[in-house]
Amino acid sequence: MIVSKDIVILSSICYDITVKYYTNLEIAVLFRKMAAAYQILDENRFKIIAYERAADSIEHLTSEVKDLWDDGKLAEIPGVGATIVGHLDELFKTGKVKHFESVMSKVPQSVFPLLSIPGVGPKKAYKLVKELHLRNEKTAIHDLQKAIEKHKVEPIEGFGQRSEEVISENIKTYRKGAVKEKRIVLSEADAIAESVISYLHKQKYVQHIDVLGSLRRRVATVGDIDMAISTTKPKEAITYFCTYPHTKIIEQGPTGASLLLHNGRQVDLRVQDAQSYGAMLQYFTGSKNHNIALRTYALTKGLSLSEYGIKRIQNSEFRIQNKDAKNKDKERIKQFSNEKDFYKYLGMDWIPPELREDHGEIDAALKHTLPNLVNLPGIKGDLHIHTSFNLEPSHDLGENTIEEVLDRADTLGYDYIGISDHNPSTGNHTDEEIIRIMEKRHNFYRDHVENWNNKYNKSIQAFIMLEVDIKPDGSLALPKKAFDSVDAVIISVHSSFSMSKDDMTRRIKSALLAHSKVKILGHPTGRLLGEREGYEADWKEIFRICKERSIALEINASPYRLDLTDALVYDAVKLGCVCSINTDSHHVLEMGQMKYGVSTARRGWAQKRDIINSFGYNEMKKWLMP
DNA sequence: GCCGTTTTCGGCCCGACTGTTTTCAGTCG
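Residues numbered from 1 in each chain as written. Chains lettered and ligands numbered in written order. Predicted model: local features only at pLDDT ≥ 70, side-chain atom pairs only at ≥ 80, totals over all residues. Heavy atoms only, no water.

K.L.:
Got a minute to help me understand the overall build of chain A in this structure?
P.N.:
In terms of helices and strands, chain A carries 25 helices and 16 strands. The C-alpha extent of chain A, read off along each of the three principal axes, is 80 × 60 × 50 Å. The buried share among the 626 residues of chain A stands at 52%. Looking at chain A alone, contacts between residues at least 24 apart form 68% of all its contacts between residues at least 6 apart. In the structure as shown, chain A presents an accessible area of about 29,600 Å², 49% of it carried by carbon and sulfur atoms. Measuring between centres, the 87 positive side-chain charges of chain A sit 5 Å from its 86 negative side-chain charges. (Helix = DSSP H or I, 4+ residues; strand = E, 2+ residues; numbered from the N terminus. Buried < 20%, exposed > 50% of the residue type's maximum accessible area, 1.4 Å probe, protein only. Contact = heavy atoms within 4.5 Å. Areas by Shrake-Rupley, 256 points an atom, 1.4 Å probe, with all protein chains shown as cover. Lys, Arg positive; Asp, Glu negative; His and termini not counted. Charge placed at Lys NZ, Arg CZ, Asp CG, Glu CD.)

Set out below in structure tokens:
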């Protein structure tokens, strides 16, 4: 979950520097700084929450706030009301917000870097800055460490010997870079989770194990790995969990424990008995915003939700009176052994974890209009596979032969595949050479696929496709005549990523219109998780053309890409576009990564009808080669 | 400061843990 911690990652973006263009992330950071400042100034806590909400919501937006401002649509952002619209207006017009400046002037800037230390929030940071006279924003953490060495923190009111030690330790953790900033991709998180799960399964008193949090929701990147078990022996289970190889026990209590593993990842375990396991799953799956929305709704029905179950409340006064009568409350709590019943009790359908982001799923669950999401068994083929056939491309060849690819497709139960090697390099060949290579390739695949099917008495169909580069000017890196040797093509950007939004939009648009055999736009945003942000483009415009020309948007299933992103899948599907979930495999093992693309599609509310490779072969052929 | 599922005022999610405390504040998820 996003907390004020990432304020410091961008500490170079000082609020008072006047810049003309603010990115969403910069605005989110600015708002979180405002929330922290308000906390220090003891402002109304709901105002603080409002700024944090607005920051979250802006950070996860698919369009740029600046563009919404241009279109006068700022108020459509959830959590952004009249006041913040006014502030953003001022920010975009003048590069600053007078009200923010006046608030910031009351708070020493050196508190903000301290917020990146785990366990240090705005209040503690402020106290430390004030008592220790930490005036320099750039050296604040270093200066704090020095003060700790001289034991100057211990005597400060509200601190003590133990907190001095803890802060010192946490500064070291932060310095090592072990703190949250580095999220990992789903496949890595899966591997860690599987290892812990098999370790826990060795104990017979462990009944159920489930992965929770962002990993269960299949978010593209994961911070902590959350899991839950139901057991008859909670105490033993937690003690046993803490024997899993680790560098540090971060926390250990009667309801769970957190470990820091050798690889720097944190694993949180929650423990519950079987009767309340459903409520626990629901609660720790999140997202935070989904749970807040769900609880807000429940309150209107006089119900209060927690990880233990659901209890009836009369009014808020009653709640306060009963705060100390906790045990009594627990007796009256309605327990749920599974999630379905939990949601049912609230009058709604069970919500698939991938949808739990407070994007309208609660409303849909109440009205019984949740989408029937696409799933892995519904996938009939993979249209983006590279083989080792050497057509002298400008990018990587695949590592396996067409036969090995067909073997694997058979194992995966596919009806068809698309062979989509990179186009022959244009620099090293004349057009005539490329046309000859492409003809040779076509015959090669036709013969080899037929032979393979005859040999094994199978009937896997292969579309002979190609992944063609979109050149910087928007033309395609394949001579017109060479299109005769393919059934259809995927077009992708593989170079010149840093272009202006307008230029990139023009480039992609012209490539989409370049040839009638263009049927798929490959990894549309070009992002590489943890390495490269996707480029910007006018997606609405691109989606519009794709819909018009019957071109699918690829959901590239590589866990390092997941591109289209979930949020853009949502937009695309809503506009009536179709998508194609492809693995872009360069090795047959990667063909197993289809599940990551499927979960991304599900997070984008995609149904079977929105995904072309859930079509059977005949329908697919009709769509791909009209 | 937001928002309307009790709709333009009066609410706003809930609990665990930690450390410094003797009933609570701060932080976290």
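K.L.:
Teacher, can you tell me more about the pairing of strand E11 (residues 416-419) here?
P.N.:
In the case of a regular strand, side chains alternate between the two sheet surfaces. Side chains Tyr416 and Gly418 project from E11 onto one buried face, and the interleaved Ile417 and Ile419 project onto a second face that is buried too. Bridge count for strand E10 (residues 381-385) against E11 is three bridges, and the pairing is parallel. The partner of aspartate 382 across the bridge, within E11, is isoleucine 417. In terms of handedness, the path from E10 via helix H19 (residues 402-411) over to E11 forms a crossover that is right-handed. The pairing of E11 with strand E12 (residues 461-469) spans four bridges and is classified as parallel. Looking across to E12, one finds that tyrosine 416 is bridged to glutamine 461. (Pairing = 2+ DSSP bridges. Right-handed = clockwise from strand over helix to strand, strands pointing away.)

K.L.:
I keep staring at the sheet that holds strand E6 (residues 256-260) and nothing clicks. Help me out?
P.N.:
Strands pair in a sheet through their backbones, by hydrogen bonds, and they do so in one of two ways: parallel or antiparallel. A sheet is described by the order of its strands in space; here five strands give the open sequence E2-E4-E7-E6-E5, paired in mixed fashion. Each of the sheet's edge strands pairs with one partner strand only, and the pair in question is strand E2 (206-212) and strand E5 (248-253). Direction aside, neighbouring strands of the sheet carry axes that sit 15 degrees apart on average. Of the pairings in the sheet, the one linking E6 to strand E7 (residues 266-272) comprises five bridges and is antiparallel in character. Considered in E7, the bridge of leucine 259 is made with valine 267. (Axes fitted to C-alpha atoms, helices over the stretch in contact; angles between N-to-C directions.)

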